[in-house]
Amino acid sequence: MTDQSADAARTAERSDAIREPGGEHEVSIRAVINGGVVVGHDGSGCAQEALQWAARLAERASWPLHVVRSWRISTAPQPPTWEVGYVPPMTDYEKAVLSDLEADVVAALGAERARQATFHVVHVSPVKALIQAAEHADLLVVGARGRGGFAGLMLGSTSDQITHHAPCPVTVVRSRRRN
């Protein structure tokens, strides 16, 4: 076996989590979902509208609702363990992202309806996170305008890529919001 094929085999065998160096904790890099509605949520007002739409559909269809947020260190909120001169472990950042996502879902749906949702925070790009999560989903829902993008585009770059590459039906919830 060549070094390249050995590297390829090791890459293929990796689990769906990143293990911290010297640690026992893992950070999720993939949301595994078996059916239901998957909705991408980046914390924007447009994502809140997409979440509300997805939740109504999931309730009517009696499907589970999965809310997915992708993150990077640069986009994660500062964890409570952060202090000057100390960089918290990745798992602390993951917990902070999850806490923000849970708060956003409660704000959009209310506490009772939010308890019906399953939350997934994954340390990969938004497009990759959503396409992988949608592999066994019944429907993938995204907002048309999120955190980035250029004014005047009909779809954001994430929703555009999702509509071209998703493995299941996609609904793009358009919004007049700019946030």
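Summary of the structure given here. (Residues numbered from 1 in each chain as written. Predicted model: local features only at pLDDT ≥ 70, side-chain atom pairs only at ≥ 80, totals over all residues. Heavy atoms only, no water.)

1. Quick word on the side chain of His41
Piece 1. Turning to its location among the elements, His41 is positioned in the loop between strand E3 (37-40) and helix H2 (45-61).
Piece 2. Of note is the side chain of His41, whose polar atom sits 2.5 Å from the side chain of Gln48.
Piece 3. Here Arg69 takes part through its side chain, which lies 2.8 Å from a polar atom of the side chain of His41.
Piece 4. With residues near it in sequence (within four places) discarded, His41 still touches Ala47, Gln48, Leu51, Val67, Val68, Arg69, Leu101 and Asp104. (Helix = DSSP H or I, 4+ residues; strand = E, 2+ residues; numbered from the N terminus. Polar contact = N/O pair within 3.5 Å; in protein donor to acceptor, adjacent residues only side chain to side chain. Contact = heavy atoms within 4.5 Å.)

2. Comments concerning the environment of Pro79
Piece 1. The residue Pro79 is located in the loop between strand E4 (65-70) and helix H3 (90-109) in this model.
Piece 2. Take Pro79: its relative accessible area is 3%, and that puts it in the buried class.
Piece 3. Each C-alpha atom, one on Pro79 and one on Pro89, is 9.5 Å from the other, the two residues being 10 residues apart in sequence.
Piece 4. Not counting residues up to four positions away in its chain, the partners in contact with Pro79 are Pro88, Asp92, Tyr93 and Ala96. (Buried < 20%, exposed > 50% of the residue type's maximum accessible area, 1.4 Å probe, protein only.)

3. Some remarks on the sheet that holds E4
Picture the strands of a sheet paired through backbone hydrogen bonds; they go either parallel or antiparallel.
Piece 1. The five strands are arranged E5-E4-E3-E6-E7 in an open sheet whose pairing can be described as parallel. A strand with exactly one partner marks an edge of an open sheet, and here the two such strands are strand E5 (117-122) and strand E7 (170-173). Averaged over all neighbouring strand pairs, the angle between strand axes comes to 20°, with direction disregarded.
Piece 2. Note: E3 against strand E6 (residues 139-143), three bridges, orientation parallel. Each bridged residue has a counterpart across the sheet, and for Val37 the counterpart in E6 is Leu139. (Pairing = 2+ DSSP bridges. Axes fitted to C-alpha atoms, helices over the stretch in contact; angles between N-to-C directions.)

4. Concerning H3
Because the α-helix completes a turn every 3.6 residues, residues three or four places apart line up on one side.
Piece 1. Helix length check: H3, at 20 residues, gives a terminal C-alpha distance of 29 Å against a target of 28 Å (1.5 Å per residue), a fit within 8%.
Piece 2. Buried within H3 we find Thr91, Asp92, Tyr93, Glu94, Ala96, Val97, Leu101, Val105, Ala108 and Leu109.
Piece 3. Immediately downstream of H3, the backbone of Gly110 shows phi near 90°, a positive value. (Expected span 1.5 Å × (residues − 1).)

5. A short note on the pattern of salt bridges
Piece 1. For the structure on display, the rule yields four salt bridges.
Piece 2. The salt bridge partner of Glu59 is Arg113, with a shortest N-O separation of 2.7 Å. Linking Glu59 in helix H2 with Arg113 in helix H4 (residues 111-114), this pair joins segments that are 54 residues apart in sequence.
Piece 3. A relative accessible area of 44% places Glu59 in the partly exposed class.
Piece 4. Classification of Arg113 by relative accessible area gives partly exposed; the value is 30%.
Piece 5. Asp104 is paired through a salt bridge with Arg69; the nearest N and O atoms lie 2.7 Å apart. Placement of the pair is Asp104 in helix H3 and Arg69 in strand E4, with a sequence separation of 35 residues.
Piece 6. Taking the relative accessible area as the measure of exposure, Asp104 reaches 21% and is therefore partly exposed. (Salt bridge = Lys/Arg side-chain N within 4 Å of Asp/Glu carboxyl O.)

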